[in-house]
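Each chain, written out:
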Amino acid sequence: MDDGYDFEFQKLAKNNNVKNIFKNIYKKINNRAVEQQQAGQLENYLLSAPIHYSKEELEEILRKFGLL
């Protein structure tokens, strides 16, 4: 599985309850990455992860899509 990764700007929550404080910390880190991308300091990159299926799982998937 491959997925092109690109940061996108996220608006901060205005309500400063505990849940939103943690969300805003994440969003500020994310938005810093957006700034770095825009300044050419950070390039988009590709995330890759191997996926392993048993023979039975693969057959079930293929049947589901009418390929078996």
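Residues numbered from 1 in each chain as written. Predicted model: local features only at pLDDT ≥ 70, side-chain atom pairs only at ≥ 80, totals over all residues. Heavy atoms only, no water.

Caption draft 1: Local environment of the pattern of salt bridges. Here the structure, examined in full by the defined rule, presents two salt bridges. One salt bridge connects Arg-32 with Glu-35, and the closest N-O pair in it is separated by 3.4 Å. Here the residue Arg-32 and the residue Glu-35 both occupy positions in helix 1 (residues 18-38), the gap between them amounting to three residues, near one helical turn. Take Arg-32: its relative accessible area is 43%, and that puts it in the partly exposed class. (Salt bridge = Lys/Arg side-chain N within 4 Å of Asp/Glu carboxyl O. Helix = DSSP H or I, 4+ residues; strand = E, 2+ residues; numbered from the N terminus. Buried < 20%, exposed > 50% of the residue type's maximum accessible area, 1.4 Å probe, protein only.)

Caption draft 2: Geometry of the side chain of Asn-24. Mapped onto the elements of the fold, Asn-24 is located in helix 1. For Asn-24, a relative accessible area of 8% puts it in the buried group. Aside from chain neighbours lying at most four places away, what touches Asn-24 is Leu-12, Ala-13 and Asn-16. (Contact = heavy atoms within 4.5 Å.)

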